[in-house]
Amino acid sequence: MDAAGETPVGTLPGEESPKMDLSHRFSKRELALLYEEVLYTILHRLGKPEHHHVADSQELYAYVQKAFGMDTEEHSVIMQQVKELESPIFCLKATVKEAKGILGKDVSGFSDPYCLLGIDTKSQEPAHPEHKRRMKAVVKDLIPEDQIHRTQVISQTLSPVWDETFILEFEDIETASFHLDMWDSDTVESVRHKLGELTDLHGLKRIFKDARKDKGQDDFLGNVVLRLKDLHCWDDQWYQLEPRTETYPNRGQCHLQFLLTHKKRATTSSRTQPSYTVHRHLLQQLVSYEILQHQAGSIAWDGELSRHASTVLYLHATQKDLSDFHQVMAQWLAYSKLYQSLEFNSNCLLHQITSIEYQWAQERLRPEQKAELAESFHSLLTYGVSLIRRYRIIFPLSVPRSTERLQSLLRVLVQMCKMKAFHELCTLSPDLPQMVSVALKSGTTEWFHMKKQHLKPMVKSMEENGKALSRLLVEVIADLQQCQKIWNKFFINTLKLNLFSIAYLELENLVAEHVQEQLHEVDSSMSKPTAESLFQLYMNLQELYRMKDFLPKRDGPLALSNFHQWFKEAVPQWLQKAYTIALERAQRAVQMDQLTPFGEHNKHSTSTVDLSTCYAQIVKTWQQLSWPDPEEAFMIMVKLVEDMCKIALMYCRLVKERALSLSEQNEGEAANRLCIVVNNIKQLRLLILKLPLQLDWAQLEQRTGAVIDQQQIQHTLHNQLDSTVSCLDHEVRDVVQALATKLEKGIARHIQELSSSSDTRVPEDSIIPLMKFLESELQYLNEHLVQENFKSLLTLLWHHTLAVLSAAAGQPVPSAQRYKKLHCALKSLELCFHAEGCGLPLETLHTPAFLSLETRLALCSSTSRKLIQKYFSNRIQQQLDTSSEKYGAVTIKALYRPSEQKLRVEVLNAVNLIPLDSNGSSDPFVQLTLEPRHEFPEVVARTTQCKRNELHPLFDEAFDFLIPPEKCRQEGACLLLTVFDYDTLGTNDLEGEAFFPLCHLPGLDTDEDQADAGRVPQTRLPLTHPKPTGDEILQLLESRKGDKEAQAFVKLRKQRAKQSKEME
């Protein structure tokens, strides 16, 4: 089929239409007579050819010979007959339309013009240039009076309008010429009447001129002389009126219309048939030929006739003097008839519809013409609706411009049904939208049954039936998509018809009926292939049902509303099939997995990709099911989640077994494979956690809210998922622990070697083997583990490392150097595990065990003097934290003078001392020392006077100490105030001691001395007693037996501790 045309009735798409010889539409006799008519037309051609027409008659003879399918002999015979026929009477149909700008010959300034016209049959030579005066009364002088035609007189105007037509006969166009004279008609009037019309001086001159003329003589206004051979078949233009003299060269213009026609044509067709009928037959024959010519060149005919055809038809219409209306009528009858048998664009009909509508006048047609026109309307309407009914076959989208062709046909039918001629001639005007709607419904039904028959399976089994139904539904869905996306807009725009709605409601009902009929034998014992074919059918039905959303509002349910119920028996098999496929694929993936990272940026192996695909397929199955019943949908979801959890746990077991199997073959890669296993399980965990979102649990909970309790959903779905995630976490911990165990032995060995290394080595050098070991192992693990798993491993290793270090630090070794090495190792490990923020966060590293160990190692690795300083720092802090005065208090003033580097201390008093003598009182005095002694070796202790029998002694004594300011800022630097009870016979008893930090001395941080010592605030210091035992620093110092300074300090503090009233 050609792209531009519609398939002829009875021709199926895809079949090649044989080249059609349209001569069979006329009998041989009719065709010969029509050929005679066209040859006669060309032979007796009149007029100068138009520029777009063919001038050569021989070309036209050759063209019509081909168009009529005449061989040379037939052409010669008929041509000879035509030449022997009597020639027609040649006629010039002249229409005098109007004139403008003519001379005013009357006194009033106007004229009363009329025209005389005729044809001079004698050859006229052009006037000699010396003949200055033209001939008078050309028409009267040259043409016999009986051949002269006269128009009406138009009174008092310079722009007369006649619009009168005259038929002027002539014999030889070569010698004949057309003459027209324009005259001003004069009637006899009285001078008084003329003077009454006088308007200006020119009018007066006319009166004098008239007086000299013969009474009743008309005035010449101008003439037009034309040679007939210079005229076209049809001319319409303005001609200049020529003067007789040069007096008034500009005499205005006359509008003339000419048509060269025939009378008494001798052809049989002209003598026996109406002119427009003959013209229609000729048009039909030539257009048929034009269309077939385009078909032979595989080009669509767009309605444009060739120059040869246009010339022949133009000549025939003018010679037959066919009106424009009758020409359009002939074209409509020919084209509308040809459209029903030949291929061309229906847009060609729109021009005729518009022309008939514009020129319509029922009275211009004879009864037989009206009947013929009415029949053409009815025939085209019936044919057009039949094409629309079969639009799927006639206008397939696989053929170019099919949409344009259908759109054009719809426009033609709509415009035709709107025509006045259609309504006046067709008594029962049909309802076009209703006709098309009925045709579309029946056409849709026919198309469905045709497709159903075409896709009918050869073997009648449930499996084959299911496949056939699926294929049928694919066709139906594709057709509806075309309706909705492509065709619908054309029907809505032209007919206000929703094609999609018509087709969908019809097909949906047919599909429902057919599918139910085929599925009546389905039961739960169906075969797997049958279940698979039904799943595809279910999805196709689902897609079809969803297309209802494109329907306009409609009441009542559709036939497919509960189609899912037809497949309830098949659902368990569908779910089992999905589970089996996923399980088998996961098993194959693990068997093929070499447990090496795939890709440059991935740290898990190929089996996780396959597993992800398995889960995605199950999720897709759920989405494809989209089961409408909420309760049944919940049960399906439970089964799917259960299956995916089973697959996850099975995968964990298989991948661990695979790692073990591969490690037996290559033990060096065992750690690497464990890393991959842990990463894979972690990736699986992520897949599991995404399921609620992928399966849209929120929407399911919303749907099932009315029928299933929320707790049941939580218990069934969420708990099942949480349980699986917990199992995966346990598996991850187990594998990470296995990796950690491999490293823990190495860490413990290196710490042991560090601890037992020589004390002469620098601590930073001693820890190098440990740090190199960790750097190597952790870098390897970081490269092979995903970040989360790596941090889990780091956490385990950190706890283990702290435990090993704590055990090493707990061994009683007096060497401070050993503790320095352990402390250095701890700080280096902290930096290593933190990795500048890329490893474990500090809050994870700084566990209570770490803080305790760090404190202990810091103490143990300190020098004795550093420990003594730390001891006094602790006592200063205890002093600051103490508010109780159960042992009393001492009040002092302390001031530092920077200029003198002198510390001045005023001991004011003591209060609430405890009675230590048998008489219930005490003999207190205060000893002042600067501690630690190694910072102030040259400063001797100072004491106040003893106050007898006083528990609230007033001392009011001042002491000066020469000390540099930087010593006051040393750690633990303090003024120790020890209150004793003086005992004459034995050792003085301890009332209590107070520690004043030198870093808080007034004046220490100023450049100038405070002038007024009275402004120095008093400081009241509660007295404290040392704890009898358990001080960690003192224990460390005591363990250093070879350190005399440490032993002396411990001895002094022990003496004080013995006198302490503090309980254990």
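What you are looking at is a predicted structure, and each value in this text was computed from that prediction instead of being measured.

*Asks:* A description of the overall build of the protein should follow, citing residues and the corresponding values.
*Replies:* Of the regular secondary structure elements, the protein holds 35 helices and 16 strands. Its C-alpha atoms give the protein a radius of gyration of 62 Å, more than 25% over the compact-globule value 31 Å for 1064 residues. In terms of principal-axis extent, the alpha carbons of the protein reach across some 190 × 100 × 55 Å. Burial analysis of the protein (1064 residues in total) assigns 50% to the buried set. In the protein, the proportion of contacts linking residues at least 24 apart, taken out of those at least 6 apart, comes to 78%.

*Asks:* Describe helix H24 (residues 697-704), listing the residues and the values that go with them.
*Replies:* Those residues of H24 that sit buried are Trp697, Leu700 and Thr704. Buried residues along H24 cover an arc of 60° about the axis, so they all sit on one side. Away from its buried face by more than 90 degrees, H24 exposes Ala698 and Gln702.

*Asks:* Talk me through the packing of helix H31 (residues 848-860) against helix H34 (residues 1032-1039); I want residue IDs and the actual numbers.
*Replies:* For the pair H31 and H34, interaxial distance at closest approach is 10 Å and the crossing angle is 40°. Overall, the two elements H31 and H34 adopt an arrangement that is oblique. As H31 runs across H34, the sense of the crossing is right-handed. Of the residues in H34, those touching H31 at Arg856, Leu859 and Cys860 are Glu1032, Ile1033 and Leu1036.

*Asks:* Which residues make up the sheet that holds strand S2 (residues 113-120), and what values do they have?
*Replies:* Overall, antiparallel pairing links the four strands, which are arranged S3-S2-S5-S6 in an open sheet. Edge positions in the open sheet fall to strand S3 (149-150) and strand S6 (219-227), since each of these has one partner strand only. Judged from the two bridges that link them, S2 and S3 form a sheet pairing that is antiparallel. Pairing of Leu117 across the sheet is with His149, part of S3.

*Asks:* Which residues make up unusual backbone geometry, and what are the values?
*Replies:* The omega angle of the peptide bond from Glu931 to Pro932 is -10°, so this bond is cis rather than trans. Assignment of secondary structure puts Pro932 in the loop between strand S11 (924-931) and strand S12 (942-943). The phi dihedral of Gln156 is positive, around 45°, even though this residue is not glycine.

*Asks:* Could you give me a rundown of helix H29 (residues 816-834), with the residues and numbers involved?
*Replies:* Between its terminal C-alpha atoms H29 stretches 27 Å, which fits the 27 Å expected from 19 residues at 1.5 Å a residue. Ala835 lies just past H29 and shows a positive phi near 50°.

*Asks:* Please set out the nonpolar core residue by residue, giving values where relevant.
*Replies:* Phe68 and Phe491 are the most contacted members of the largest nonpolar core, which totals 241 residues. No other element matches helix H22 (residues 630-665), which puts 18 residues into this core. Apart from residues no more than four positions distant in its own chain, Phe68 is found in contact with Leu31, Leu34, Tyr35, Val38, Leu282, Gln285 and Leu286.

*Asks:* Lay out the packing of aromatic side chains with the relevant residues and their values.
*Replies:* Inspection of the entire model under this criterion finds 29 aromatic pairs. On the numbers, 6.0 Å between centres and 90° between planes, the contact of Phe500 with Phe550 is edge-to-face. A residue pair is termed long-range when its members are at least 10 positions apart, and Phe500 in helix H18 (residues 499-518) and Phe550 in the loop between helix H19 (528-546) and helix H20 (571-592) qualify at 50 residues. Judged by relative accessible area, Phe500 falls into the buried class, the value being 1%. The partly exposed category is assigned to Phe550, whose relative accessible area is 46%. Ring centres of Tyr538 and Trp574 lie 5.4 Å apart, and the angle between their planes is 50°; on these two criteria the pair is classed as tilted. Taken together, the positions of Tyr538 in helix H19 and Trp574 in helix H20 put the pair 36 residues apart, joining distant regions of the chain.

*Asks:* A description of the environment of Pro274 should follow, citing residues and the corresponding values.
*Replies:* Among the secondary structure elements, Pro274 is positioned in the loop between helix H7 (268-272) and helix H8 (275-296). On the accessibility criterion, Pro274 (34% relative accessible area) is partly exposed. For the pair Pro274 and Pro529, spaced 255 residues apart in the sequence, the C-alpha separation amounts to 74 Å.

*Asks:* Outline the pattern of salt bridges, supporting the account with residue identities and numerical values.
*Replies:* Per the stated rule, a full pass over the model turns up 36 salt bridges. A salt bridge links Lys548 to Asp549; the shortest N-O distance between them is 3.8 Å. On the basis of relative accessible area, Asp549 is assigned to the exposed category, the value being 58%. Here Lys639 makes a salt bridge to Asp643, at a shortest N to O gap of 2.8 Å. In this pair, Lys639 and Asp643 are both assigned in helix H22, four residues apart and thus about one turn of the helix distant. Lys639 sits in the partly exposed class, given a relative accessible area of 27%. Residue class for Asp643 comes out buried when judged on its relative accessible area of 2%.

*Asks:* Explain the sheet that holds strand S10 (residues 902-911) to me, using residue names and the numbers behind them.
*Replies:* Spatial ordering of the open sheet is given by S13-S10-S9-S16, a layout of four strands whose pairing is antiparallel. Unpaired on one side and paired on the other, strand S13 (954-962) and strand S16 (1019-1022) mark the two borders of the sheet. Direction aside, neighbouring strands of the sheet carry axes that sit 25° apart on average.

*Asks:* Please give an account of the pairing of strand S8 (residues 253-263) that cites residues and values.
*Replies:* Along a regular strand, successive side chains alternate from one face of the sheet to the other. In terms of burial, S8 is a largely internal element, nine of the eleven residues being buried. As judged from the eleven bridges shared by strand S1 (residues 89-100) and S8, these two strands associate in the antiparallel manner. Note that in S8 the partner of Leu92 across the bridge is Leu260. Across seven bridges, strand S7 (residues 234-240) lies against S8 in antiparallel orientation. Residue pairing for S8: Trp238 is matched across the bridge by His255.

*Asks:* Pulling in residues and values, what's your account of the confidence of the model for the protein?
*Replies:* Residues of the protein with pLDDT of at least 70 account for 90%, and the chain-wide mean is 84. Here residues 127-136 is modelled with pLDDT under 50, and outside its nearest four sequence neighbours on either side it reaches ten contacts, counting other chains as well.

*Asks:* So, the pairing of strand S5 (residues 177-184): which residues are in play, and what are the values?
*Replies:* S5 sits mainly inside the fold: eight of its eight residues count as buried. Residue alternation in S5 divides its side chains into two sets, Ser177, His179, Asp181 and Trp183 and Phe178, Leu180, Met182 and Asp184, and both sets are buried. Where S5 meets S6, eight bridges bridge the pair, whose relative direction is antiparallel. Along S6, the bridge assignment pairs His179 with Val225.

*Asks:* Run through the packing of helix H1 (residues 28-43) against helix H9 (residues 307-319), naming residues and quoting values.
*Replies:* At a minimum axis distance of 10 Å, the contact between H1 and H9 shows a crossing angle of 85°. Relative to H9, the element H1 lies roughly perpendicular. Two secondary-structure elements touch here, H1 through Glu37, Val38, Thr41 and Ile42 and H9 through Val312, Leu315, His316 and Gln319. Partitioning the contact of H1 with H9 into residue classes produces four nonpolar, three polar and one charged.

Criteria and cut-off values
- Residue positions are given per chain, counted from 1 along the sequence in the order it is written.
- Where local features are concerned, this predicted model is filtered to residues with pLDDT of at least 70; where side-chain atom pairs are given and counted, the filter is 80 or more; whole-chain, interface and lining totals use all residues.
- Here the side-chain values reflect all heavy atoms present in the structure, with hydrogen atoms and water set aside.
- Here a strand is any run of E in DSSP of at least two residues, a helix any run of H or I of at least four, and the numbering for each starts at the N terminus.
- Both definitions apply: the radius of gyration is a C-alpha atom measure, and the globule rule equals 2.2 Å times residues to the power 0.38.
- Residue exposure (1.4 Å probe, protein chains only): buried if accessible area is under 20% of the type maximum, exposed if over 50%, otherwise partly exposed.
- In what follows, a contact means two residues having at least one pair of non-hydrogen atoms within 4.5 Å.
- Directions are taken from the helix axis to each C-beta atom, and the arc is the one they span.
- An axis is simply a line fitted to the C-alpha atoms; with a helix, the fit covers only the stretch in contact. Between two such axes, the angle follows the N-to-C directions and lies from 0 to 180 degrees.
- The cut-offs work like this: below 35 degrees is roughly parallel, past 145 is roughly antiparallel, 65 to 115 is roughly perpendicular, and the gaps in between are oblique.
- For any helix crossing, the convention is left-handed if the near helix is rotated counterclockwise from the far helix by under a right angle, and right-handed if that rotation is clockwise.
- We call two strands paired when DSSP finds no fewer than two bridges between them.
- One fewer than the residue count of a helix, multiplied by 1.5 Å, yields its expected span.
- Put simply, a nonpolar core is a bunch of buried Ala, Val, Leu, Ile, Met, Phe, Trp, Tyr and Cys residues held in one set by side-chain atoms that sit within 4.5 Å of each other.
- A pair of Phe, Tyr and Trp rings is counted when the ring centres sit within 6.5 Å of each other, with Trp represented by its six-membered ring. The angle between the planes then sorts it: under 30 degrees is stacked, over 60 is edge-to-face, the rest tilted.
- Each reported salt bridge corresponds to a side-chain nitrogen of Lys or Arg within 4 Å of a carboxyl oxygen of Asp or Glu.
- The quantity called pLDDT is the predictor's confidence in a given residue, expressed from 0 to 100.
- As a working rule, the residues Ala, Val, Leu, Ile, Met, Phe, Trp, Tyr, Cys and Pro are called nonpolar, Asp, Glu, Lys and Arg charged, and the rest polar, with Gly in that last group.

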